[in-house]
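Letter by letter, the chains look like this.
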Amino acid sequence: MNSNDDRLSRRILLRTAVAVTAAGTAGLVPASASASTPPWDALRKQLRGNLLLPGDGEYSSAKQLFDPQFDGDSPAAIVEAAGEPDVLAAAAFARDNRIPLAARAGGHSYVGASATSGALVVDVRGLSDITPDGDQVTVGAGVTARALLARLDATGRSLPLGTCPTVGVAGLTLGGGIGVDSRRYGLTCDQLVSARVVMPGGGSAQTSSTQLPGLFWALRGGGGSAGIVTSLTYRTCPAQSRDIVHVTFPPEAATQVLTGWARWLSAADRSIWSNLTISSAAGQLGCEALIVTPAGQGSTATAGLTATAGTPASGTDSRTLDHMAATDQLGGGSTTPRSTKVAGSDVVAQITPAIAATIVGVITARSRVGATGYVLIDPLDGAVRDTAPDASAFPWRTHTATLQWIVDDPGDPADAQRWIADAHRTLGPASAGAYANYVELGQDPSRYYAGNLNRLRSVRTTTDPNGLLHTGIAW
Ligand SMILES: Cc1cc2nc3c(=O)[nH]c(=O)nc-3n(C[C@H](O)[C@H](O)[C@H](O)COP(=O)(O)OP(=O)(O)OC[C@H]3O[C@@H](n4cnc5c(N)ncnc54)[C@H](O)[C@@H]3O)c2cc1C
């Protein structure tokens with residue numbers, strides 16, 4: 001940390017010491033488990049937005065996340081923030097009453113972290129302003145991906161985001177942000193110019209590469225562990241028409257295709273993006289590549305992939321679409337209905353024939369027992385590598401791909417979790433870790449942050465010395 005960070009650290013520690021002394025020194029417990037009821041009315045009086053408690057009419061719908069499997073969770077209360085002062089008031093209240101905090105934006109946490117039982121949820125969805133300014137855009141932390149892309153499209157600009165239209169831009173950015181523009185421009189967090197953050201330890205700050213750079217470092221991939229973000233400013237890129245090609249391969253060639261895909265992509269122009277899905281659907285194996293290129297380049301790219309893979313496609317579907325039509329095509333529409341996904345991830349440094357065979361073997365084993373599940377293999381090369389592994393909290397800058405193991409709408413979520421745990425074990429040392437935005441319960445934080453963990457812990461100790469902020473990762 002630089003001297004600015006040190007000054008911030010001292011200020012926060014001083015304030016927090018007072019708050020903790022006033023509240024006592026016992027460990028933090030969820031409000032629902034504490035003996036006395038927190039003085040919620042005192043908090044309500046400070047807010048411009050709503051405070052919802054269990055029993056309030058809108059509480060049940062307000063705590064709903066994307067995934068219905070978390071509908072049974074019961075946060076202590078929800079603050080629907082109407083501005084940064086509400087976030088500051090909520091953070092101070094949590095600190096004084098020793099209540100865990102959970103930030104909630106788009107609500108797509110894979111572990112339901114943004115509606116944690118017993119926590120005071122700070123819902124930033126009301127902070128939804130989008131302000132384009134030349135080649136930058138400033139957004140409130142409650143903005144979702146498609147809403148932002150549609151607004152930028154009107155100005156001829158875009159932003160590298162993920163594909164799901166309803167994912168929160170804040171949550172996506174804080175964990176990294178992988179999408180079809182990653183090879184060309186880098187992760188979503190690589191486009192971040194500055195952000196405003198409320199710190200659970202006290203106060204708020206504007207951060208950038210020159211203002212509190214240690215905190216800014218943590219926001220880029222640290223997964224929301226350093227504070228509650230209220231606004232974010234990004235560098236934008238030109239909106240472009242795209243070719244979107246789905247290439248189906250014979251499933252028995254999946255290992256060869258995966259090996260060839262990795263080789264082909266490593267030498268491909270950065271404007272070409274592709275991922276690979278190897279799936280088991282009720283016992284049927286599948287292998288499909290998605291290729292996204294600037295308009296007019298899809299067929300050349302497809303020929304490059306099939307030639308390097310040494311396997312002819314068994315089917316190809318190609319379309320040329322303008323920027324927003326492509327956005328909706330990739331996102332499966334302009335919105336995504338709520339659904340349950342059990343998911344987990346690995347990160348691989350390389351995809352050798354042996355590693356490809358192991359990955360395909362995990363899916364083949366799943367298909368042999370007639371079960372459903374797939375692995376989505378997203379590249380981490382191109383512009384993702386322009387940032388050094390220790391230059392932001394996102395550590396996977398010299399790696400080849402993320403593997404996301406997914407079971408959609410599982411009949412038996414525990415079985416899906418066991419399968420994913422088996423996948424991690426089977427991959428063994430070939431896995432370097434996991435992607436923070438695909439968080440799983442019970443994982444060691446070093447899996448997500450590797451060599452950046454200690455620095456991230458030290459930022460977190462400064463901004464959230466009582467460890468109030470809950471992100472789904474066990475710090
Ligand atoms: C259907 C689906 C598709 C996805 N597609 C992609 C994809 O293409 N690419 C990709 O990279 N990821 C993808 N993800 C993962 C997604 O990026 C993460 O789940 C992300 O954390 C979601 O952010 P959110 O704001 O929607 O969720 P929330 O549940 O609101 O937040 C998730 C976490 O982000 C943090 N957070 C959110 N808002 C704030 C804030 N204002 N201040 C501080 N911390 C905050 C908190 O730690 C919170 O627990 C997808 C997830 C799903 C469910």
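Residues numbered from 1 in each chain as written. Predicted model: local features only at pLDDT ≥ 70, side-chain atom pairs only at ≥ 80, totals over all residues. Heavy atoms only, no water.

Asks: Help me out: how do you make sense of the pairing of strand E14 (residues 284-294) in this one?
Replies: The two faces of the sheet receive side chains in turn, since in a regular strand these alternate between them. Along E14, 8 of the 11 residues are buried, which leaves the element largely enclosed by surrounding structure. Across 8 bridges, strand E12 (residues 242-249) lies against E14 in antiparallel orientation. Among the inter-strand pairings, Phe 249 is bridged to a residue of E14, identified as Cys 287. Bridge analysis of strand E13 (residues 273-281) against E14 gives 9 bridges, and the strand direction is antiparallel. Of the residues in E14, the one forming a bridge with Leu 276 is Ala 289. Joining the antiparallel neighbours E13 and E14 is a turn of 2 residues, in which Ala 282 adopts a positive phi near 45°. (Buried < 20%, exposed > 50% of the residue type's maximum accessible area, 1.4 Å probe, protein only. Helix = DSSP H or I, 4+ residues; strand = E, 2+ residues; numbered from the N terminus. Pairing = 2+ DSSP bridges.)

Asks: Help me understand the sheet that holds E12, please; the structure alone is not making it clear to me.
Replies: Paired through backbone hydrogen bonds, the strands of a sheet run either parallel or antiparallel to each other. Strands sit in the order E15-E12-E14-E13-E17-E18-E16-E19 across an open sheet of 8 strands; the sheet is antiparallel. Taken across any chain shown, the strands that pair with only one partner, and hence form the sheet edges, are strand E15 (315-321) and strand E19 (431-433). This sheet shows a mean twist of 25° between the axes of neighbouring strands, independent of strand direction. In terms of strand pairing, strand E16 (residues 341-348) meets E19 through 2 bridges, oriented antiparallel. Directly across from Val 347, in E19, lies its bridge partner Gly 433. Relative to E12, helix H10 (residues 298-309) is tilted by about 30°, and along the sheet it contacts E12 and E14. (Axes fitted to C-alpha atoms, helices over the stretch in contact; angles between N-to-C directions. Contact = heavy atoms within 4.5 Å.)

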